[in-house]
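Report on the structure
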Amino acid sequence: MDKNQVVNLMEQIAVLLALKEGSNTFEIRAYENAARALGSLDGDLATLVREGKLKGTPGLGSTIIKRIEEAFTTDHIQFYDELVAETPQVKLDMSRIPGVGPKRINTIYQQLHVNSLAELEQACKDDRVAHLPGFGKKTQDKILQGLSFLSQHADRYLYDVAEAEAERIRQALVTQPGVVRLQVAGSLRRRRETVKDIDMVLSVDDNAGSDVRRAIMEFFTSQPSVKAITGQGETKSSVILSSGIAMDLRLVGDSQFPYTLHHFTGSREHHIPLRRRALGMNMTINDYGLFKVEDGKETLVPCKTEADIYQALQLDYIEPELREDTGEIEAAARHALPELVKESDLKGVLHAHSTWSDGKNSIREMAEACIAHGYSYLGLTDHSRAAAYAGGLNPEALKRQGEEIDKLNQEFGDRFHILKGTECDILRDGELDFSDDVLASLDFVVASIHSNFNLSQEEQTQRMLRAIANPYVDIIGHSTGRILLGRPGYPLDMDQVIEAAAQHGTCIEINAHPSRLDLDWRYIRKARDKGIKIPVDPDAHALAGIDDMRYGIGIARKGWLRPQDVLNTLDFEALMAFFHVKRSKK
DNA sequence: GCCGTTTTCGGCCCGACTGTTTTCAGTCG
């Protein structure tokens, strides 16, 4: 069993414990903490166990270390198996209903003996749920609503979908009289690849009256994209938007804005150690303020911005993307946070398609769109012949494409450069779809897996390692092949992949398509720390695809990347030199 | 279940909202 599988088991144990009657909430938290602590340790599980690295890691005590070692040696955790055996599936299903937590799940299960969500729905319709202790008509209706919502939507949304919805609402709200500050918060602000809901924080003048606040909330809940109102008050309103995403708007006086924004930006995992730090400095944080505690009395520490809050805690400002409790607080205390890459640092585009394969636009159109975006080069990478479904090119077609590129380059002169490239299929055995001499005729090569997703992890990893070791492969495309909310990636030992890429000087891209965002940000920092250059690539199949670069930048920032870590922040000459150096090592 | 430069026991981040009650439990972020 590898580390990720154990991390997964720890998370599962936390969920199962929460559904067990009479379990200790702090025990649940202990397993959640352990999952994150283990996940952020470097190295594979065998090494960690062998070298005794687990002991002394904060969050891993003697019991949990025993369980991790048990998983390593016997390939299962008996405690987990027992929990699974005693937890009815319907309890797990119910935990996905909004507003229904462990306590209510247990009440429903004990008293109504339902065995499926369908039976729960029937119980609601029979008016049996409303008569349970602590329940009522409204709770029952809410459960019914939740069940219907669950059946219609997966419970998460892609970043770009949520961002577009949020932006529409933001632009409307910002025009309203009385609005002082307005900002997206939550996981959307932290640029998570998928989000569950949208949080927004709005401030009005501290002296603004009830009428102003009510008018803003009224305006919000009457927006055309609001499909249903699930709550409306002067400080908080909740709605369901037309796409199905839930959205909360919080309204505060402007002096409270930074504290509230910070609170609702999260993450919960970031806040826990931050609050512990505050307590250690005789301060306490909540969504209304940062308070100095002296002789049992609380005095507000005045902050105009989030940066002031961090400063009061003797920390450098922590960008929202980094607030995931992966070491950002310690780094902020040491003044060691990275200066994060920005979209404006990007000099060019490195993975794009044209009508030569499955793109919608010609090379010229793609190039001109890049120029319009302010980029100075385009690395064109149409598919190779094995990708027949995508109109992949054979060596002959690739040569003719090169001639067209030569002509365009002559026309553009120094103003813009098109690189000859390919997105070459990695075949089943790890061999590339083009021979070395064909690859050598190109400026650079992206290699990707597009077939045989169902190999074993061992086979898939070996296949990838072989491609990484090919001296003509400059960049691995969408390395895990995942489609967010669509399909998981093929099984791959990413630690080995990163190790090999570092050894061979092969880049691993961040595929910026909002359905991919692959490499995952959780691995990016590891890759960076091994010295791997990471291009942010749009994998554009049409002009509009070039805009996706900004999603990739969001993920790059989440992965702690600085401008110098991102390959396509290099200018054209430096980029060509980089590719040249790699090949000359052959 | 984890943790400790006051502690090896008794804490563990904190407050709002909702719906249920009539002072509070459950859920959420």
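Quick notes on the rules
- Residues numbered from 1 in each chain as written.
- Chains lettered and ligands numbered in written order.
- Predicted model: local features only at pLDDT ≥ 70, side-chain atom pairs only at ≥ 80, totals over all residues.
- Heavy atoms only, no water.
- Helix = DSSP H or I, 4+ residues; strand = E, 2+ residues; numbered from the N terminus.
- Rg over C-alpha atoms; globule rule 2.2 N^0.38 Å.
- Buried < 20%, exposed > 50% of the residue type's maximum accessible area, 1.4 Å probe, protein only.
- Contact = heavy atoms within 4.5 Å.
- Lys, Arg positive; Asp, Glu negative; His and termini not counted.
- Charge placed at Lys NZ, Arg CZ, Asp CG, Glu CD.
- Near = heavy atom within 4 Å.
- Polar contact = N/O pair within 3.5 Å; in protein donor to acceptor, adjacent residues only side chain to side chain.
- Nonpolar A, V, L, I, M, F, W, Y, C, P; charged D, E, K, R; others polar.
- 1 Å grid on protein atoms, 1.4 Å probe; cavity = no way out; pocket = protein on both sides within 12 Å on 5 of 7 lines; lining within 4 Å.
- Points joined across faces, edges and corners; volume = space filled by probe spheres on them.
- Domains from an automatic or database assignment.
- Phe/Tyr/Trp six-rings, centres within 6.5 Å; stacked < 30°, edge-to-face > 60°.
- Lys NZ or Arg CZ within 6 Å of the ring centre and 35° of its normal.
- Core = buried A, V, L, I, M, F, W, Y, C linked by side-chain atoms within 4.5 Å.
- Pairing = 2+ DSSP bridges.
- Axes fitted to C-alpha atoms, helices over the stretch in contact; angles between N-to-C directions.
- Parallel < 35°, antiparallel > 145°, perpendicular 65-115°, else oblique.
- Left-handed = near helix turned anticlockwise from the far one by under 90°.
- Expected span 1.5 Å × (residues − 1).
- Arc of directions from axis to C-beta.
- Salt bridge = Lys/Arg side-chain N within 4 Å of Asp/Glu carboxyl O.

1. Topic: the overall build of chain A
Looking only at helices and strands, one finds 24 helices and 18 strands in chain A. What you see for chain A is a C-alpha radius of gyration of 26 Å, in line with the 25 Å of a compact globule of 586 residues. Principal-axis analysis of the C-alpha atoms places the extent of chain A at approximately 75 × 65 × 55 Å. The proportion of buried residues among the 586 residues of chain A is 51%. Counting only contacts in chain A whose residues sit at least 6 apart along the sequence, the fraction spanning at least 24 positions is 67%. Here chain A contributes 71 positive and 87 negative side-chain charges, whose respective centroids are spaced 3 Å apart.

2. Focus: the protein's contact with DNA strand B
Of all residues adjacent to DNA strand B, which total 41 residues, the nearest are Arg-29, Gly-101, Gly-136, Thr-235 and Arg-275. Contacts to DNA strand B include Arg-104, whose backbone N or O atom sits 2.9 Å from a phosphate oxygen. Of the residues belonging to the surface near DNA strand B, the class tally is 14 nonpolar, 14 polar and 13 charged.

3. Side note on the environment of Gln-110
Among the secondary structure elements, Gln-110 is positioned in helix α7 (residues 102-112). A relative accessible area of 40% places Gln-110 in the partly exposed class. Sequence-wise, Gln-110 and Val-293 are 183 residues apart; in three dimensions their C-alpha atoms are separated by 45 Å.

4. As for the layout of surface pockets
Taken as a whole, the second largest pocket spans an internal volume of roughly 300 Å³. Looking at the second largest pocket, it is lined by 16 residues, and the ones nearest its centre are Tyr-159, Gln-183, Leu-188, Arg-189 and Arg-191. Counting residues per element, the ones that place at least two in the lining of the second largest pocket are α10 (159-173), β2 (179-185), α11 (186-189) and α23 (549-558). For the lining of the second largest pocket, the two domains that each supply at least three residues are domain 3 (157-258) and domain 4 (266-333).

5. Re the packing of aromatic side chains
In this structure the tally under the stated criterion is eight aromatic pairs. Among the aromatic residues, those joined into a cluster by ring pairs are Phe-444, Phe-578 and Phe-579. Looking at Arg-67, its charged tip hangs above the ring of Phe-79, at a distance of 4.1 Å from the centre. The side chain of Arg-525 reaches across the aromatic face of Trp-560, ending 3.7 Å from its centre.

6. As for the nonpolar core
Counting 93 residues, the largest nonpolar core has Leu-173, Met-200, Leu-202, Leu-378, Ile-418 and Met-464 as its most contacted members. When residues are assigned to domains, this core turns out to be shared by domain 3 (157-258) and domain 5 (343-584), each giving three or more. Excluding residues within four positions of it along the chain, Leu-173 makes contact with Val-179, Leu-182, Met-200, Leu-202, Ile-216, Phe-219, Phe-220 and Leu-249. Among the nonpolar cores identified, the runner-up in size contains 28 residues, and Val-6, Ala-14, Leu-16 and Leu-38 belong to it.

7. Thoughts on the side chain of His-417
When you line up the elements, His-417 lands in strand β13 (residues 417-425). Its relative accessible area of 15% is what places His-417 among the buried residues. Not counting residues within four places of it along the chain, the set of residues in contact with His-417 comprises Ser-376, Tyr-377, Leu-378, Asn-409 and Phe-572.

8. A closer look at the sheet that holds strand β16 (residues 507-508)
Pairing within the open sheet is parallel, and its six strands lie in the order β11-β12-β13-β14-β15-β16. For this open sheet the edge positions go to β11 (348-352) and β16, each flanked by a neighbour on one side alone. Its contacts with the sheet place helix α24 (residues 572-584) against β11, β12 (377-383), β13, β14 (444-448) and β16, and it is angled at close to 40 degrees to β13.

9. Quick notes on the packing of helix α1 (residues 3-19) against helix α2 (residues 25-39)
Running from N to C, α1 and α2 cross one another at 165 degrees; their axes reach a closest spacing of 8 Å. The angle between the axes of α1 and α2 places the two elements in the roughly antiparallel class. Every pair of crossing elements has a handedness; the one defined by α1 and α2 is left-handed. Every residue of α2 that contacts α1 at Lys-3, Val-6, Val-7, Met-10, Glu-11, Ile-13, Ala-14, Leu-17 and Ala-18 is listed here: Glu-27, Ile-28, Tyr-31, Glu-32, Ala-34, Ala-35, Leu-38 and Gly-39. In the contact of α1 with α2, the residues fall into twelve nonpolar, one polar and four charged.

10. Here we look at the domain arrangement of chain A
Looking at chain A, the domain boundaries give domain 1 (3-86), domain 2 (89-152), domain 3 (157-258), domain 4 (266-333) and domain 5 (343-584). One C-alpha centre belongs to domain 1, the other to domain 4; they are set 29 Å apart.

11. As for the pairing of strand β9 (residues 289-294)
Pairing analysis gives four bridges linking strand β8 (residues 283-286) to β9, with the strands arranged antiparallel. What sits directly across from Asn-286, in β9, is Gly-289. When β9 meets strand β10 (residues 297-300), the two strands line up antiparallel, connected through four bridges. Across the sheet, residue Val-293 finds its bridge partner in β10, namely Glu-298. Connecting β9 to the antiparallel partner β10 that follows it, the hairpin turn spans two residues, and Asp-295 within it adopts a positive phi of roughly 50 degrees.

12. Side note on helix α18 (residues 395-412)
With 18 residues, α18 extends 25 Å between its outermost C-alpha atoms, agreeing within 8% with the 26 Å of an ideal straight helix rising 1.5 Å per residue. What α18 keeps buried is the set Ala-397, Leu-398, Gln-401, Gly-402, Ile-405, Leu-408 and Phe-412. Projected onto a plane normal to the axis of α18, the buried residues spread over an arc of 145 degrees and lie on a single side. Opposite the buried face of α18, by more than 90 degrees, sit the exposed residues Lys-399, Lys-407 and Gln-410. Tucked into the core, α18 has its buried residues touching α17 (363-372), β12, β13 and α19 (436-440). One or two steps after α18, the chain reaches Gly-413, where phi turns positive at roughly 65 degrees.

13. Re the sheet that holds strand β5 (residues 226-232)
Picture the strands of a sheet paired through backbone hydrogen bonds; they go either parallel or antiparallel. Read across the open sheet, the five strands follow the order β2-β4-β7-β6-β5; overall the sheet is mixed. For this open sheet the edge positions go to β2 and β5, each flanked by a neighbour on one side alone. Taking the axes of each pair of neighbouring strands and ignoring which way they run, one obtains an average angle of 20 degrees across the sheet. As paired elements, β5 and strand β6 (residues 236-241) share five bridges and run antiparallel to each other. Bridging across to β6, Val-226 finds its partner in Leu-241. Relative to strand β4 (residues 197-204), α10 is tilted by about 20 degrees, and along the sheet it contacts β2, β4, β6 and β7 (246-253).

14. What about the pattern of salt bridges?
A side chain with one charge can pair with a side chain of the opposite charge if their charged atoms come near. Enumeration over the complete set of coordinates arrives at 38 salt bridges. The partner of Arg-364 in a salt bridge is Glu-411, with the nearest N and O atoms 2.8 Å apart. Separated by 47 residues along the polypeptide, Arg-364 in helix α17 and Glu-411 in helix α18 bring together distant segments of the chain. Among the residues examined, Arg-364 registers a relative accessible area of 33% and is labelled partly exposed. Two residues, Asp-429 and Arg-466, come together in a salt bridge whose shortest N-O distance is 4.0 Å. Taken as a pair, Asp-429 in the loop between β13 and α19 and Arg-466 in helix α20 (residues 457-469) lie far apart in primary sequence, 37 residues in all.

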